[in-house]
Amino acid sequence: MAARLTALPGIRAVALGGSRARGTHRPDSDWDLGLYYRGAPDVAALTALASEVQGSPAGVAGPGGWGPWVDGGAWLRVDGVPVDWILRDLDRVEAVWADCREGRFEVGVQPGHPLGFWSPAYPGEVALGRVISDPQRELTVLQGEVRNYPEPLRTALVDAAWEAEFSVAAARKSAPGGDRLHVSLCLSRAFGILAQSLHAHHRTWCLNEKGAAAAAAALPDTPERYTERIGEALRGLDEEAVELAAELVREVRSACGG
């Protein structure tokens, strides 16, 4: 499939991503294929191939069809197995990587990412993926670069933990009035930022919110009962929960040298 994809106009490389690339998959896990393109991929050709491999009509969302960061792709079932095609603009990935090397990152609004899409996920996907088809070796060369975590990005993401403290302070104002929605959003945001900072501190890529707390808990120097304390705070959503979150933020910032 990957070889046929890279034969289509615009598709330069295909990489296996997600849990199957990292060896953490379950038997029912999806197969995630990153389709790296330059210019404008031939959506009609992609749709024809998707329909062929699925054995039934398939739809392919072109660039931007799934939002500004996830881009586009297709959800397929091939011989009963879920296979996801995920478009990635290789020029944009390279531009984000250049920013990351300088310690710059963005957090964009993106459906499916309730805490925002953190731009370092682009090079992180390349670093953690398995290149399957790459005729011009463009993705392979980039992968060799992104496996060296940039110190400026590490510093920037560790420093970003100030916002976690700010979010907890905002929750502290709402908790006495029982505004559970605002408190939950503030605390969730704070915990998401802590996951990014902890991963960066250890020069480890954090791709999204899913599984981020558990992955952070497994890193050295992470505060004890990290995920349990997050769960307690998000179940409580009261003044006691806010102070529990504040304590966790302080411990993480101390562990990361912030």
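The structure reproduced in this document is the subject of the present report. (Residues numbered from 1 in each chain as written. Predicted model: local features only at pLDDT ≥ 70, side-chain atom pairs only at ≥ 80, totals over all residues. Heavy atoms only, no water.)

1. Observations regarding the environment of L157
Rules: Counting from the N terminus, the helices are DSSP H or I runs at least four residues long and the strands are E runs at least two residues long. Note on contacts: a residue pair qualifies if any of its non-hydrogen atoms lie within 4.5 Å across the two residues.
Counting through the fold element by element, L157 comes out in helix 7 (residues 151-159). Residues L157 and L194, spaced 37 residues apart in sequence, show a C-alpha to C-alpha distance of 9.3 Å. For L157, the contacting residues outside a window of four places in its chain are F105, W118, P120, Y149, Q196, S197 and A200.

2. Some details on the sheet that holds strand 3 (residues 73-78)
To keep things clear, this is the line we draw: Here, any two strands with at least 2 DSSP bridges between them count as paired. Note on definitions: angles span 0 to 180 degrees between N-to-C directions of axes, and those axes are lines fitted to C-alpha atoms, for helices only across the stretch in contact.
Strand order in the open sheet formed by five strands is 3-4-2-1-7, with mixed pairing between adjacent strands. The open sheet is flanked by strand 3 and strand 7 (130-133), the only strands paired with a single partner. The average angle at which neighbouring strand axes cross in this sheet is 30°, direction not considered. This element, helix 4 (residues 90-101), spans strand 1 (11-17), strand 2 (31-37) and strand 4 (81-89) of the sheet and lies at about 65° to strand 4.

3. Examining the pattern of salt bridges
Where side chains of opposite charge bring their charged atoms close, a pairing between them can arise. What counts, and what does not: What counts as a salt bridge is simple: a side-chain nitrogen of Lys or Arg found within 4 Å of a carboxyl oxygen of Asp or Glu. Remark: exposure states derive from per-residue accessible area (1.4 Å probe, protein chains only) relative to the maximum for the residue type, with buried under 20%, exposed over 50%, and partly exposed in between.
Applying the stated rule across the entire model yields 15 salt bridges. Its salt-bridge partner being R38, residue E94 comes within 2.9 Å of it at the nearest N-O pair. In this pair, E94 sits in helix 4 while R38 sits in the loop between strand 2 and helix 3 (43-54), placing the two residues 56 residues apart along the sequence. Note on E94: relative accessible area 29%, which makes it partly exposed. With a shortest N-O distance of 2.9 Å, E138 and R38 are connected by a salt bridge. Placement of E138 in helix 6 (residues 138-146) and of R38 in the loop between strand 2 and helix 3 is noted, with a sequence separation of 100 residues between them. Since its relative accessible area comes to 19%, R38 is described here as buried. Where salt bridges share partners, they join R12, R38, D91, E94 and E138 into one cluster.

4. Focus: unusual backbone geometry
Despite not being glycine, D71 has its phi angle at roughly 80°, a positive value. Considering the arrangement of structural elements, one finds D71 in the loop between helix 3 and strand 3. D71 sits in the buried class, given a relative accessible area of 8%. A positive phi is found at R225, a non-glycine position, where the angle reads about 55°. Of note, R225 is situated in the loop between helix 10 (212-217) and helix 11 (226-236). With relative accessibility at 44%, the residue R225 sits in the partly exposed group.

5. Quick look at the packing of helix 9 (residues 180-201) against helix 12 (residues 239-255)
For clarity, the threshold we go by: Our angle categories are set so that under 35 degrees counts as roughly parallel, over 145 as roughly antiparallel, 65 to 115 as roughly perpendicular, and the remainder as oblique. Whether a crossing is left-handed or right-handed is set by the direction in which the near helix is turned from the far one by less than a right angle, anticlockwise for left-handed and clockwise for right-handed. Each residue gets one label: Ala, Val, Leu, Ile, Met, Phe, Trp, Tyr, Cys and Pro are nonpolar, Asp, Glu, Lys and Arg are charged, and the others, such as Gly, are polar.
Closest axis-to-axis distance for the helix 9/helix 12 pair is 10 Å, and the angle between their directions is 15°. One way to sum up the angle between helix 9 and helix 12 is to call them roughly parallel. The hand of the helix 9/helix 12 crossing is left-handed. For the pair helix 9 and helix 12, contact is made by V183, L187, F191, L194, L198 and H201 and by A241, V242, A245, L248, V249, V252 and A255, respectively. Of the residues belonging to the contact of helix 9 with helix 12, the class tally is twelve nonpolar, one polar and no charged.

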